[in-house]
Amino acid sequence: MPNASSWSASSPLLLLWEDSSGTRIFLSLLYAVLAISGTLSNVMVIYLVFSFKKLQTTSNAFIVNGCAADLSVCALWMPQEAVLGLLPPNSSSLRSVEYRLLRGGLLGLGLTVSLASHLLVAFNRYVLITKLPSVYQALYQRRHTGCMIGLSWALALLLLLLLPGLWTPGSAQQPPPRQTDGSSRYPALLLALAVLGQTALLLHCYLGIVRRVRGSAKRVSVLNFHLLHQLPFPAAPPPPRRAQRRLSSVSVLLLCCVFLLGTQPLVWVSLLGFFLRPAPAALQAASWLLLCSLSALNPLLYTWRSEEFRRAARSVLPRAEGAAAA
């Protein structure tokens with residue numbers, strides 16, 4: 001019977017041979033639910049932004065970029081994991097190295113661009129809230145915005161070419177059998193450091209926004225983050241209400257908490273595997289699942305407090321009240 005290391009390096013769900021069929025079925029169903037909900041929510045956000053003129057802002061352009069990347073995870077990668085989790089452990093599909101690298105490529109492309117989009121959205125909002133309107137307009141011209149989005153995809157493709165096994169679940173946490181050097185563990189360290197750096201920059205932007213909103217005299221809502229056509233702002237607008245400032249800060253901190261919950265477990269599991277010993281397979285699976293679940297939650301994180309998004313969604317969704325009245 002192969003050991004846990006060999007199965008963990010080839011299994012999409014990071015399961016062991018001894019795991020029950022019930023566990024595999026449960027994880028497959030979980031992947032299927034995330035795939036369906038994530039695909040629908042990401043497609044809805046993309047459709048709303050392209051359909052409504054008021055939603056076509058610079059910040060929403062980065063959100064759409066993240067949604068397109070999340071579709072690579074929710075619509076292409078997760079359905080395969082849901083199906084493969086139901087196959088027997090000795091299936092040739094699970095043993096194929098090329099197919100495993102292909103799935104890892106889809107996952108890596110989506111997650112890399114999605115994480116980059118998180119940072120682009122945070123920096124966009126930081127500049128909008130904390131800098132002068134002229135600085136924002138000069139930095140976020142249409143050409144510059146397109147270059148930022150293109151660079152996020154170019155960076156993801158470059159990482160896939162240079163490190164094809166970086167985003168393959170299992171291969172980054174544990175070295176293959178009969179490999180005694182530590183070279184195979186370096187992708188795990190690189191992945192952890194990259195996510196840690198991205199998280200530090202994102203938190204710097206959002207905490208800077210919270211400090212600015214708490215002490216600012218400008219009436220800016222960090223719940224919508226739209227670049228208004230009335231820019232530049234008036235010279236001395238009235239200060240925001242205390243309740244509005246408190247709600248804005250709570251919303252930003254909630255977004256940060258959800259992001260940390262999704263990314264940090266994988267970071268520390270990877271660091272644990274590099275410096276000490278590989279974490280248990282169940283902990284590895286949970287950390288990967290939390291990171292991938294962000295692809296399904298991202299559309300809600302960025303749109304749930306936006307009145308413009310809610311109004312646009314109500315205009316396209318079926319109206320139950322109208323049907324009942326008819």
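By convention here, each chain's residues receive numbers from 1 onward along its written sequence. In keeping with the predicted nature of the model, local features appear solely for residues at pLDDT of at least 70, side-chain atom pairs appear and are counted solely at 80 or more, and the whole-chain, interface and lining totals rest on all residues. Here the side-chain values reflect all heavy atoms present in the structure, with hydrogen atoms and water set aside.

**Focus: the nonpolar core**
- Nonpolar cores are built from buried Ala, Val, Leu, Ile, Met, Phe, Trp, Tyr and Cys residues. Side-chain atoms within 4.5 Å join them into one set. Each residue is placed in one exposure class: buried if its accessible area under a 1.4 Å probe, protein chains only, is under 20% of its type's maximum, exposed if it is over 50%, and partly exposed if it falls in between. Ranked by internal contacts, the top residues of the largest apolar core, which has 62 residues, are Phe-62, Trp-77, Met-78, Leu-107, Tyr-206, Trp-288 and Tyr-302.
- Helix and strand definitions here come from DSSP, where helices need a minimum of 4 consecutive H or I residues and strands a minimum of 2 consecutive E residues; each element is numbered from the N-terminal end. Of all the secondary structure elements, the ones that give two or more residues to this core are helix 2 (21–51), helix 3 (58–84), helix 5 (97–130), helix 7 (142–162), helix 8 (186–215), helix 9 (242–275), helix 10 (281–303) and helix 11 (307–316).
- Counting residues per element, this core draws most heavily on helix 5, at 11 residues.
- Grouped together as the second largest cluster of nonpolar side chains are five residues, Leu-109, Val-113, Ala-156 and Leu-160 included.

**Side note on the UniProt feature "transmembrane region" (unreviewed entry) in the protein chain**
- UniProt positions are given in the numbering used here, feature names are shortened, and annotations may be inferred rather than shown by experiment. Within the UniProt annotation, "transmembrane region" (unreviewed entry) is assigned to residues 25–50, 62–80, 100–123, 144–167, 187–209, 250–276 and 282–304.
- Along residues 25–50 the backbone is 100% helical and 0% strand, and the end-to-end C-alpha distance reaches 37 Å.
- Between the end C-alpha atoms of residues 62–80 there is a gap of 27 Å, over a span that is 100% helix and 0% strand.

**Section: the side chain of Ser-287**
- Note that Ser-287 resides in helix 10.
- For Ser-287, the residues in contact, after removing those within four places along its chain, are Gly-262, Pro-265, Leu-266 and Val-269. Throughout, a contact is declared for two residues whenever any of their heavy atoms are within 4.5 Å.

**A short note on the packing of aromatic side chains**
- Here a pair means two rings of Phe, Tyr or Trp (six-membered ring of Trp) with centres within 6.5 Å. Their orientation is stacked below 30 degrees between planes, edge-to-face above 60, and tilted elsewhere. For the structure on display, the rule yields three aromatic pairs.
- Seen in terms of ring centroids, Tyr-31 and Trp-77 are 5.5 Å apart; in terms of plane orientation they differ by 80°. Their pairing is edge-to-face. Taken together, the residues span a long stretch of sequence, with Tyr-31 in helix 2 and Trp-77 in helix 3 at a distance of 46 residues. Accessibility assignment for this pair places Tyr-31 and Trp-77 in one class, buried.

**A few points about a nonpolar patch on the surface**
- A cluster of nonpolar side chains, contributed by Ile-25, Leu-29 and Leu-86, occupies part of the molecular surface with about 300 Å² of accessible area.
- One can find Leu-29 in helix 2. A patch consists of residues whose relative accessible area exceeds 30% and which take part in no salt bridge; residues with like charges are grouped when within 9 Å of each other, and nonpolar side chains (Val, Leu, Ile, Met, Phe, Trp, Tyr) when within 5 Å. Working definition of accessibility: Shrake-Rupley area with a 1.4 Å probe, residue cover restricted to the visible protein chains. Whenever a carboxyl oxygen of Asp or Glu lies within 4 Å of a side-chain nitrogen of Lys or Arg, that contact is scored as a salt bridge.

**Concerning the confidence of the model for the protein chain**
- Each residue carries a pLDDT score, the predictor's own confidence in it, on a scale running from 0 to 100. Mean pLDDT over the protein chain stands at 76; residues scoring 70 or higher make up 72%.
- For residues 14–18, every residue scores under 50 in pLDDT, and the model assigns this stretch 22 contacts once sequence neighbours within four places are set aside.
- Confidence over residues 170–183 falls short of pLDDT 50; this stretch has 26 contacts with residues more than four positions distant or in other chains.

**Points about the packing of helix 2 against helix 11**
- Only the stretch in contact is used when fitting a helix axis, every axis being a line fitted to C-alpha atoms; angles between N-to-C directions are given from 0 to 180 degrees. Where helix 2 meets helix 11, the closest approach of the two axes is 10 Å, and the angle between their N-to-C directions is 95°. In terms of orientation, helix 2 lies roughly perpendicular with respect to helix 11. Contacts between helix 2 and helix 11 pair Met-44, Val-45, Tyr-47, Leu-48 and Val-49 from the former with Phe-309, Ala-312, Ala-313 and Val-316 from the latter.
- Class assignment of the residues belonging to the contact of helix 2 with helix 11 gives a composition of nine nonpolar, no polar and no charged. When an angle is under 35 degrees it counts as roughly parallel; over 145 it counts as roughly antiparallel; between 65 and 115 it counts as roughly perpendicular; any other value is oblique. Each residue is assigned to one of three groups, with Ala, Val, Leu, Ile, Met, Phe, Trp, Tyr, Cys and Pro labelled nonpolar, Asp, Glu, Lys and Arg labelled charged, and all others, Gly among them, labelled polar.

**Regarding the side chain of Thr-145**
- Relative to the helices and strands, Thr-145 is located in helix 7.
- Thr-145 has contacts with Thr-58, Ala-61, Phe-62 and Tyr-140, leaving out every residue within four places of it along the chain.

**Overview of empty space enclosed by the protein**
- In this analysis, the protein atoms alone were mapped onto a 1 Å grid. Cavities are point sets where a 1.4 Å probe fits without being able to get out; pockets are open sets with protein on both sides within 12 Å along at least five of seven lines; lining residues have an atom within 4 Å of a point. Grid points are joined across faces, edges and corners, and a volume is the space filled by probe spheres set on the points. Counting across every chain of the model gives six cavities of 30 Å³ or more.
- Lining the second largest cavity are Phe-62, Ile-63, Gly-66, Cys-67, Asp-70, Ser-114, Ser-117, His-118, Val-121, Asn-298 and Tyr-302.
- Sorting the residues of the lining of the second largest cavity by element identifies helix 3, helix 5 and helix 10 as the ones contributing at least two each.
- The element best represented in the lining of the second largest cavity is helix 3, accounting for five residues.
- Of the residues that constitute the lining of the second largest cavity, the class distribution is five nonpolar, five polar and one charged.

**As for the packing of helix 2 against helix 10**
- With their axes 9 Å apart at the nearest point, helix 2 and helix 10 run at an angle of 30° to one another. Here helix 10 runs roughly parallel to helix 2, going by the angle between their axes. Taken as a pair, helix 2 and helix 10 cross one another with a handedness that is left-handed. Along its contact with helix 2, which presents Leu-27, Leu-30, Tyr-31, Leu-34, Ser-37, Gly-38, Ser-41, Asn-42 and Val-45, the element helix 10 presents Leu-289, Ser-293, Ser-295, Ala-296, Pro-299 and Thr-303. By definition, any crossing whose near helix is turned counterclockwise from its far helix by less than a right angle is left-handed, and any crossing with a clockwise turn is right-handed.

**What about the environment of Leu-294?**
- Along the polypeptide, Leu-294 turns up in helix 10.
- Aside from chain neighbours lying at most four places away, what touches Leu-294 is Val-258, Phe-259, Gly-262, Thr-263 and Leu-301.

**Some remarks on the state of the cysteines**
- When two cysteine sulfur atoms are found within 2.5 Å, that pair is recorded as a disulfide. Summed over all chains, the structure comprises zero disulfides.
- There is no disulfide at Cys-205, and the cysteine sulfur nearest it, in Cys-256, is 9.7 Å away.
- Taking the relative accessible area as the measure of exposure, Cys-205 reaches 5% and is therefore buried.

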